[in-house]
Amino acid sequence: MKTIIIGAGAIGMMQARELAQAGVEVTLIDKGLCGQEASWAGGGIVSPLYPWRYSEPVTALAAWSQGYYGNLAESLEAESGVDPELTRHGLLMLSIEDQSAALEWASAHNNWAELVEKDAIYKLEPNLREGVGDALWMPQVGSIRNPRLMQALYKSIMSEPLVSIIEESAVSGLVIHADKVTGVKLKDKVINADNVVVTAGAWSGGLLESVGVSLPIEPVRGQMILFNAKPGVVNRVVLNDGKYVIPRRDGRVLAGSTLEYVGFDKQTTEQAKQQLADTAIDMFPVLAEAQIEHHWAGLRPGAPEGVPFIGAVPGIENLYVNSGHFRNGLVLAPAAVRVMTALLLGEVSPLDPTPYELQYRVKQIEVA
Ligand SMILES: Cc1cc2nc3c(=O)[nH]c(=O)nc-3n(C[C@H](O)[C@H](O)[C@H](O)COP(=O)(O)OP(=O)(O)OC[C@H]3O[C@@H](n4cnc5c(N)ncnc54)[C@H](O)[C@@H]3O)c2cc1C
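Residues numbered from 1 in each chain as written. Predicted model: local features only at pLDDT ≥ 70, side-chain atom pairs only at ≥ 80, totals over all residues. Heavy atoms only, no water.

Named according to an unreviewed UniProt entry, the protein chain is Glycine oxidase ThiO originating from Alkalimarinus sediminis. Turning to the protein chain, the UniProt annotation filed under Pathway (unreviewed entry) states: "Cofactor biosynthesis; thiamine diphosphate biosynthesis." (UniProt positions renumbered as here; feature names shortened; annotations may be inferred.)

Shown next as structure tokens:
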């Protein structure tokens, strides 16, 4: 079986790796270089923010992936020589208004969150601003360093004989014969395959529109800054009022992120930079002494309620989508990829695939 995967972000690269490891011949195509879009730009928190506010389908994917990430990080390091720096430093959430909903959710999900008070909070984060009374603490949550995860995935699939990678070559259309996809169009050629999987992140909707399917995935810009801080300044992922700081192993601290509906515009803005810096410094006043060494933006693939689309495209045989992971593409990726692999190979899925199916969630539209 030969499969084309369109889009080499976290989803596309993990999908390629997993299919190849199962013996499938894969051609992975990206319009740019592999792993340079949302999957590079993200924060890498291996948990949804405020996880109790998500629906069960998102929680199910996240929980499966969280159980698998340790193994994935180790295997990737062995395959690629790059440590993706999965670090289980925990997630501390301040100013939670819906605490009882959070604790109720936690008791139904292996007590993943607990309430902590002043002394425990400042033991966890000595540099946190004064005056924090209580917080929710999720000790098992980790984060992964996106650029390193992208490098590890890239090197891993580069060394996989069943994967061919085509970079800097946009797929401009799908080849359809008798309601069946048979390949993809590039600028100067057509490549044929038995299956095509669209993992083109925020751009997935455009590809499907060309074959008469309206997939409600839209770009949602997220800006982020990086402080060149010293190790120990921030030790955990800390979340306050929708904004967070994430420590990396070398001491650097990411602060994010904005949520902007501005189309396919990846420009950064001075206003967002200032706002992100102010919020981070408000949480950790000592960050005022660190330099902001980088500021960037990425386009999340926004889907309704953050529930990704994973499955066959109705009405077009052999065409599949794994996209729309919105704010949680890194944490959801391993499970989403496994659900898709099971579907492609006719295996039993580790999770009920029904909530992610496209069938009732996309519309047929006229092709121009
Ligand atoms: C600021 C920010 C913070 C985030 N923080 C987190 C977090 O802490 N935890 C978490 O789990 N998630 C986080 N996310 C979300 C996560 O990054 C995304 O959900 C995830 O990266 C989506 O992966 P993807 O592979 O679908 O998309 P992408 O990484 O965007 O990859 C899609 C790929 O498809 C390619 N492509 C598009 N069109 C075509 C075409 N026509 N032909 C060929 N190739 C094409 C693109 O070039 C791109 O490489 C964050 C995102 C942002 C922006």
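Describing the site of the ligand
The environment of the ligand is formed by 38 residues, the closest being Asp-30, Ser-39, Ile-45, Phe-326 and Val-331. Contacts to the ligand include Ile-11, whose backbone N or O atom sits 3.2 Å from an oxygen atom. Within the backbone of Arg-327, an N or O atom sits 2.9 Å from a nitrogen atom of the ligand. Contact with the protein chains covers 98% of the free accessible surface of the ligand, which is 1000 Å². Of all elements in the fold, only α1 (10–21), α2 (38–41), β12 (218–227), β16 (292–302) and α9 (329–345) reach the threshold of two or more residues within the shell around the ligand. (Near = heavy atom within 4 Å. Polar contact = N/O pair within 3.5 Å; in protein donor to acceptor, adjacent residues only side chain to side chain. Areas by Shrake-Rupley, 256 points an atom, 1.4 Å probe, with all protein chains shown as cover. Helix = DSSP H or I, 4+ residues; strand = E, 2+ residues; numbered from the N terminus.)

Description of the sheet that holds strand β5 (residues 134–138)
Spatially, β4-β5-β3-β13-β14-β15-β12-β16 is the arrangement adopted by the 8 strands of the open sheet, whose pairing is mixed. Of all strands in the sheet, those bounded by a partner on one side alone are β4 (114–117) and β16. Ignoring strand direction, the axes of neighbouring strands in this sheet form an average angle of 25 degrees. Looking at chain direction, β12 and β16 are connected through 10 bridges and run antiparallel. Looking at β16, one finds that Gln-223 is bridged to Ala-297. Packed on one face of the sheet, helix α8 (residues 270–283) meets β12, β13 (237–240), β14 (243–247), β15 (253–256) and β16 and runs near 55 degrees to β12. (Pairing = 2+ DSSP bridges. Axes fitted to C-alpha atoms, helices over the stretch in contact; angles between N-to-C directions. Contact = heavy atoms within 4.5 Å.)

With respect to helix α4 (residues 99–108)
Among all positions of α4, only Ala-102, Trp-105 and Ala-106 are buried. The buried residues of α4 occupy an angular sector of 100 degrees when the element is viewed end-on, so they sit on one face. What points out from α4, more than 90 degrees from its buried face, is the exposed set Ser-100, Glu-104, Ser-107 and Ala-108. Buried residues belonging to α4 abut α3 (56–80) and β5. Just downstream of α4, Asn-110 is the residue with a positive phi angle, here 55 degrees. (Buried < 20%, exposed > 50% of the residue type's maximum accessible area, 1.4 Å probe, protein only. Arc of directions from axis to C-beta.)

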